[in-house]
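Structure assessment
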Amino acid sequence: MKRTIGHVTILVEDYDKAIAFYRDKAGFELLADNEFGGGMRWVSLAPSRECQTAIVLVLADSEEKRARVGSQVANHVNLVIQTDDCRRDYDVMKAAGVKFLGEPNEVPWGVEVVFEDLYGNRFDLLQHNGF
């Protein structure tokens, strides 16, 4: 049996602002932006088209969802974005206006730095060393 994770969801307050952040600042690729009527919209992005797992943006359309925007996993890292060059991506993303919670650091498993999206969700940008 072959299994993969197809997508993960991120709650957002505004589709278009979230798309602009992930595409224009974080450098993700917009995979789909389809409207189905009745307020239904499927928006997915990924760090690259080759990535097997995408982020699907979900509009926070209820009080319960709105209360969790930016804090789906409290203050923990929500997702790990793997890269072949953490420092390069850090420089590009920082110049585009992405908020980082420090600078790239050497750790036993590679080089990493944490950044936040426009809602405060935390992501780990990781250049894995194979450890």
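Now for a quick tour of the structure. None of the values given here were measured: they were computed from a predicted structure.

Focus on the overall build of the protein
Looking only at helices and strands, one finds three helices and 10 strands in the protein. Starting at the N terminus and walking to the C terminus, you meet the elements of the protein as β-α-β-β-β-α-β-β-α-β-β-β-β. Its C-alpha atoms give the protein a radius of gyration of 15 Å, within 12% of the compact-globule value 14 Å for 131 residues. Seen through its C-alpha atoms, the protein measures out along the principal axes to roughly 50 × 35 × 25 Å. Relative to its 131 residues, the protein shows a buried fraction of 37%. The long-range share in the protein, meaning contacts at least 24 apart out of those at least 6 apart in sequence, stands at 52%. With 15 positive and 21 negative side-chain charges, the protein shows a spacing of 3 Å between the two charge centroids.

A closer look at a nonpolar patch on the surface
A cluster of nonpolar side chains, namely Phe 36, Met 40 and Trp 42, defines an oily patch on the protein surface of about 350 Å² accessible area. Here Phe 36 is to be found in strand β2 (residues 29-37).

Calculation notes
Residues numbered from 1 in each chain as written. Predicted model: local features only at pLDDT ≥ 70, side-chain atom pairs only at ≥ 80, totals over all residues. Heavy atoms only, no water. Helix = DSSP H or I, 4+ residues; strand = E, 2+ residues; numbered from the N terminus. Rg over C-alpha atoms; globule rule 2.2 N^0.38 Å. Buried < 20%, exposed > 50% of the residue type's maximum accessible area, 1.4 Å probe, protein only. Contact = heavy atoms within 4.5 Å. Lys, Arg positive; Asp, Glu negative; His and termini not counted. Charge placed at Lys NZ, Arg CZ, Asp CG, Glu CD. Patch = residues over 30% accessible without salt bridge, like charges linked within 9 Å, V, L, I, M, F, W, Y side chains within 5 Å. Areas by Shrake-Rupley, 256 points an atom, 1.4 Å probe, with all protein chains shown as cover. Salt bridge = Lys/Arg side-chain N within 4 Å of Asp/Glu carboxyl O.

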